[in-house]
Amino acid sequence: MKKALELLFIVAVLLLLTFRFYNPFSDLRISGFEFSYLINSGVVAADMFHETGVIPLWNPFIGQGEPLVENPFSFVLNPLMTLPIVWLGAIQGTKLAILIHILLMATGGWALADTLRLKTPSRVFLGLLLGANGSLTAAIGDGFYQMGLSQTYVPWVLVGLFHTIRSGKRWPVGLLVIASTLLVFAGTYWYVLPTAIAAGVIAVFYVRDRQAVQRLALALVFTVGLCSVRILPQLVHHHLVDHPRANLRDAGIQNFLDVFKLHFIQMDTAEFTFYAIHYHYILPAAAAVALVGLWLIRRVRSGRPKRRAYASIDGPALILIFIFTAWAQEGTPVFVWLYETIPLLSQWRLPGRMLAASSLWVAVMAAVWLDDLMQWTTRREAIIAGLAVIVCTAAVIDVAQNWDRRAETHPNFSEARLPLFYLRSQHPGEFVSVLTRGFHDYMAFYETRVRAAFGNPDYRPLPETITLGDQAPLNTPPEYAVDFDQEFAPILEEIGYRYLLSTSVGRDFYSIWRHPGALPYAFVTGEHLLRRPGYVLPPAQADPVQQITHHIDQIHLNVQSQRTGPVLVVREVAYPGWQVTIDGKPAQLESVGGWIGVRLPQQSVQVVFQYRPRWYFIGSGIHLVTAVALIVCLAGAILKRIQIQTGEQGDGRKHQP
């Protein structure tokens, strides 16, 4: 009952602090200029599920098309991030998902403190600190949906890890596996690596017997099996992922202290201006100094109190704080060498985010020190304990304001809505692609089913080896472009666009432009034209296909061409997994300058392109087999426990007079 009240208190406080994120009467959306493009996988999956009853595997509405599930930024496989969007839509659904994860983070902090055998004040303290920590609030406030929500699984991974090490029961293995899988499915691998490092350090400190090693090995096998549906396709196709890589800057020893101080300051210094990267306020500096001072006074006066928590938690915590803070420095010789030696590490760009991993351990250390101070037997020790509670209460009140400092909502207004709805009205049923100046306003693209040609700035799938033509076709601009501030117009004119129309509604202005050299979405051309080196195909040599039925990851076309050596081309990137049939018979898929295509016979045919990624389905099979095995393992433990309890009750009845 006592622990339930503690959790209820933590949840109530967080609900009060974050009311705007779940207010059902508000149509405000989460702020952040990258928010709308980062949620594209969940929104497209939800929209298509409501429209067709299934979730497609391809997303044709971003860039040149991209995988919907086999995508480093996709969180479709994570039910806690996707189902709220399916249920309530992009605006209310993301707010509900964020609320769920805020509570997940806070209760995870409480559970971690309980696992470390801390008492009530420290459990509540750690839960509230993590529920309002700057790493979480800044990421959400700047619209980094995956980066923020993925952090909330880390405490639960640690809870499962500690229990798996010290307990022979099977439920901790299940918790460790499920929390780790949800972390991998969260749409970013950023905090998977530091969490794995933390797990390794903890295992070194605490694993003492073979049984613990076996339980951890079992958890690892289950986790890898469940995550194979996401990891396996990306491992196989890692060479086709275009993602910006880290550029580490120089840093010195003094910089380590500057970076470390970011755990304890509210606002960015002049050097650190990007909130979402460098805002990690977890504990007021005054509170940290006061706790250390009270701890030292207590130790000098009464000796070190007998610790109820893990005896050596200070060791792994300090090691992890040092590692992650040094990593956040970016340009230290060790990490420069590591990034050059291990190319995969370059995917962990903007390393300032690594302070989110260290801030958790700063909070854990503070909670453990508070727990030490709460053990008192004399009046002097009681006074010190009371002062510690006051200090920690003030710290929580200050840190809780992170939700007001960093996370905001604003009206769900889209500059692109009017021009996109206009273009959709002019081209009903057609596939329309529109270029904008940036990637900050994609909501209207989802509503109108128009392709956002600018795409995802952090991920572009590369085509398979080109078999016909060269790279020139992929550089062909989309047919339409939209300008919202009259500053994009000179660029559009320079790349060949021609002004079509403009209008203003109140303060809002937009103009629509059209490119006369744009190729149709699906067209037929001659193979001999594609074999000309560096030849940019003009629209006159691309016969548009009129009969197209688009089912997102299936494209049906009725084609007839009189050209010599006709080749059908569709403007979807030729990523592994596309298949094609002609009149129901399998045909050879071609990568035509990086787009999907097929050679045609000179007759009327029905062509079907279908995205069916082989390695995704192999990974899905492994995932399902592993899931069944995990369920059987956990169910067997539950049944065994029930049988033992039933037997004990039966023995008790036999011995009754």
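Note that the structure is predicted; figures quoted are calculated from it, not measured.

What counts, and where the lines are drawn
Residues numbered from 1 in each chain as written. Predicted model: local features only at pLDDT ≥ 70, side-chain atom pairs only at ≥ 80, totals over all residues. Heavy atoms only, no water. Phe/Tyr/Trp six-rings, centres within 6.5 Å; stacked < 30°, edge-to-face > 60°. Helix = DSSP H or I, 4+ residues; strand = E, 2+ residues; numbered from the N terminus. Buried < 20%, exposed > 50% of the residue type's maximum accessible area, 1.4 Å probe, protein only. Salt bridge = Lys/Arg side-chain N within 4 Å of Asp/Glu carboxyl O. pLDDT = per-residue confidence, 0-100. Contact = heavy atoms within 4.5 Å. Pairing = 2+ DSSP bridges.

Q: Would you take a moment to explain the packing of aromatic side chains for this structure?
A: For any pair of aromatic rings, the description rests on two quantities: the centre-to-centre distance and the angle between the ring planes. If you walk through the whole model with that rule in mind, you get 19 aromatic pairs. Ring plane angle 65 degrees and centroid distance 5.8 Å describe the contact between F162 and Y206, whose orientation is recorded as edge-to-face. Here the residue F162 occupies a position in helix 9 (residues 154-166), and Y206 occupies one in helix 11 (residues 192-206), the gap between them amounting to 44 residues. For the pair F162 and Y206, one class covers both residues: buried.

Q: I would appreciate a short explanation of the pattern of salt bridges in the present structure.
A: Between side chains of opposite charge, a pair can form as their charged atoms come close. Using the criterion set out here, one finds 17 salt bridges in the structure. Taking the shortest distance from any N to any O, the salt bridge between R449 and D47 comes out at 3.8 Å. Here R449, found in the loop between helix 22 (443-448) and strand 7 (451-452), pairs with D47, found in helix 4 (residues 40-52); they are 402 residues apart in sequence, far enough to count as distant. Residue R449 is classed as partly exposed on the basis of its relative accessible area, which comes to 23%. Three or more residues joined by partner-sharing salt bridges are found here, namely K3, E6, D114 and R123.

Q: So what exactly am I meant to see when it comes to the confidence of the model for the protein here?
A: Should the pLDDT be low somewhere, the predicted coordinates at that spot are not to be read in detail. Residues of the protein with pLDDT of at least 70 account for 91%, and the chain-wide mean is 87. Contacts from residues 269-273, a stretch scored under 50 in pLDDT, to residues over four places away or in other chains number 9 contacts.

Q: Can you walk me through the sheet that holds strand 18 (residues 585-586) in this structure?
A: In a beta sheet, neighbouring strands are held together by backbone hydrogen bonds and run either parallel or antiparallel to one another. Within the open sheet, the 5 strands sit side by side as 14-15-21-17-18. Their pairing is antiparallel. Because the sheet does not close on itself, it has two edges, and the strands there are strand 14 (547-550) and strand 18. Bridge count for strand 14 against strand 15 (residues 554-559) is 4 bridges, and the pairing is antiparallel. Pairing of T549 across the sheet is with H556, part of strand 15.

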